[in-house]
Amino acid sequence: MPTLLLTGATGYIGGHTLQHLTLTHPEWSITVLLRTESQAKIISNQYPTSRIKIFVGSLKDLELVGKCAAEADVVLQLSSSTNLTTSEIIISHMSQPQLQTHHGKKLFIQLSHLTALSNTSTTGYGSPSSTIYHDSPSNPSKENITHHFPPSSPEHAIIATGNEHGVSTAILCPSLIYGVGQGPVRKRGCTVPYLIEAVMKRGRGFTVGEGRNVMSCIHITDLSSALTTLVEHNFPQNSKSLTHPPSTSGFYFLASSPPNNDISFNEITTAIVNNCRARNIIQSTEIERLSPGQAAQIHPWAPMLWGANCRGFSDRLRELGWEARGRGLRESLDEMVEFEVGLLKGQREELVGTWKTDVAIVAEEAVCCF
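Residues numbered from 1 in each chain as written. Predicted model: local features only at pLDDT ≥ 70, side-chain atom pairs only at ≥ 80, totals over all residues. Heavy atoms only, no water.

S.K.: Please clarify how the nonpolar core should be interpreted in this entry.
M.R.: It is characteristic of soluble globular proteins that their nonpolar side chains tend to be buried jointly. Grouped together as the largest cluster of nonpolar side chains are 64 residues, with contacts concentrated most on Trp306 and Leu329. Apart from residues lying up to four places away in sequence, Leu329 is in contact with Tyr178, Val192, Cys217, Ile263, Ile268 and Met336. Formed by 36 residues, the second largest nonpolar core is a distinct cluster that contains Ala9, Leu76, Leu78 and Leu172. (Core = buried A, V, L, I, M, F, W, Y, C linked by side-chain atoms within 4.5 Å. Buried < 20%, exposed > 50% of the residue type's maximum accessible area, 1.4 Å probe, protein only. Contact = heavy atoms within 4.5 Å.)

Structure follows, in structure tokens:
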């Protein structure tokens with residue numbers, strides 16, 4: 001039975017993953033690291049303390065982080081405020097001897113971010129790109145996401161640190177994440193919710209350029225199940241073998257569906273506009289074609305959030321038996337619009353951050369999409 005350390009438990013991805021783990025594997029021991037006592041109270045009220053161990057402190061508190069990591073078989077680094085030094089400290093402490101025995105290798109999982117693989121065509125934002133990523137180590141073509149990260153990148157440094165300390169390190173690169181989260185605090189991501197909010201506030205739809213840029217997508221529940229699959233593979237249930245399972249180290253692309261079922265931002269915007277018009281939130285189904293500069297006046301990261309491409313195959317996860325079961329983006333938009341309507345009416349402001357126009361804050365959230 002593995003012991004897990006999870007960071008980012010009050011975030012969109014971390015919170016939903018915590019909920020997923022407690023439902024699918026109640027036998028696993030989970031420790032969460034939270035920034036404040038108020039966050040700790042929220043988590044302790046929702047989850048029995050016998051199942052969730054809580055530590056309060058910052059990821060900058062390297063002594064505390066190291067202590068928590070040393071006691072963990074698996075670390076799920078799902079916080080948006082991480083940095084390379086923290087990740088290296090975690091991995092180095094995970095390599096220290098542990099009292100309990102287990103049949104799996106220590107495992108460190110870190111999420112990359114959507115913009116890490118986002119790309120534009122030669123004609124700029126709002127146009128489709130021919131790049132389709134894959135993650136299979138047996139196919140070393142230039143579209144393999146391993147080659148997309150330069151050798152000096154933090155991602156490669158994390159994997160090198162894992163190799164040095166004998167810890168499996170998995171870098172997960174999600175495509176567009178969607179769906180209303182079920183975690184204890186934050187329920188929304190960035191890309192689609194911010195677009196829904198912008199359409200409702202402007203009273204009409206828009207795209208960056210022609211809106212023909214295309215995204216692979218992954219439902220938040222499928223992302224959480226992908227994380228769970230990696231842990232399950234590393235620690236086979238009821239395994240009596242002393243042989244470690246094949247290494248889970250390396251890069252993974254996360255998408256619920258193959259690229260032939262991807263969606264353009266023109267399709268996303270059209271669906272949002274029609275949904276809002278049916279609710280009488282907006283009065284027009286007009287969709288404006290904005291230049292990147294005009295779109296950036298709506299949101300400073302609009303060109304990258306809503307004008308880029310990111311497509312690919314999740315070969316490695318499917319080889320481990322992972323299957324996407326969440327509803328598609330098209331089928332999830334009604335629930336997502338309903339949630340944003342509630343936010344604008346002030347019904348759920350305690351659950352998420354309000355619309356932010358401060359560029360520095362928005363930049364961090366947009367980059368991490370957590």
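S.K.: I keep staring at the sheet that holds strand 1 (residues 3–7) and nothing clicks. Help me out?
M.R.: Picture the strands of a sheet paired through backbone hydrogen bonds; they go either parallel or antiparallel. Pairing in this open sheet of 7 strands is parallel, and the strands run 3-2-1-4-5-6-11 from one edge to the other. Edge positions in the sheet fall to strand 3 (52–56) and strand 11 (250–254), since each of these pairs with one other strand and no more. The average angle at which neighbouring strand axes cross in this sheet is 20 degrees, direction not considered. Bridge analysis of strand 4 (residues 74–77) against strand 5 (residues 107–111) gives 4 bridges, and the strand direction is parallel. From the neighbouring strand, Val74 faces strand 5, where its bridge partner is Leu107. Against the sheet, helix 2 (residues 37–46) contacts strand 2 (29–34) and strand 3, and its axis sits at roughly 175 degrees relative to strand 3. In the packing of helix 3 (residues 62–70) onto the sheet, contacts are made with strand 1, strand 2 and strand 3, and the angle to strand 3 comes to roughly 165 degrees. (Pairing = 2+ DSSP bridges. Helix = DSSP H or I, 4+ residues; strand = E, 2+ residues; numbered from the N terminus. Axes fitted to C-alpha atoms, helices over the stretch in contact; angles between N-to-C directions.)

S.K.: Would you mind showing me how to read the environment of Arg35 here?
M.R.: Here Arg35 lies in the loop between strand 2 and helix 2. The spatial distance from the C-alpha of Arg35 to the C-alpha of Leu59 is 8.1 Å, given a sequence separation of 24 residues. For Arg35, the residues in contact, after removing those within four places along its chain, are Val56 and Gly57.

S.K.: Would you mind showing me how to read the pattern of salt bridges here?
M.R.: Opposite charge on two side chains permits them to pair, given that their charged atoms come into close proximity. Tallied over the full model, the rule gives 12 salt bridges. As a salt-bridge pair, Arg204 and Glu288 come within 2.7 Å of each other at their nearest N and O atoms. Residue Arg204 is located in the loop between helix 8 (191–202) and strand 8 (205–208), and its partner Glu288 is located in strand 13 (residues 287–290); the two are separated by 84 residues in the primary sequence. A salt bridge links Glu267 to Arg330; its shortest N-O distance comes to 3.2 Å. Placement of Glu267 in helix 10 (residues 265–278) and of Arg330 in helix 14 (residues 329–344) is noted, with a sequence separation of 63 residues between them. In this structure Glu267 comes out as partly exposed when scored by relative accessible area, which is 37%. Each of Arg188, Glu197, Lys201 and Glu340 takes part in a single network of salt bridges with overlapping partners. (Salt bridge = Lys/Arg side-chain N within 4 Å of Asp/Glu carboxyl O.)

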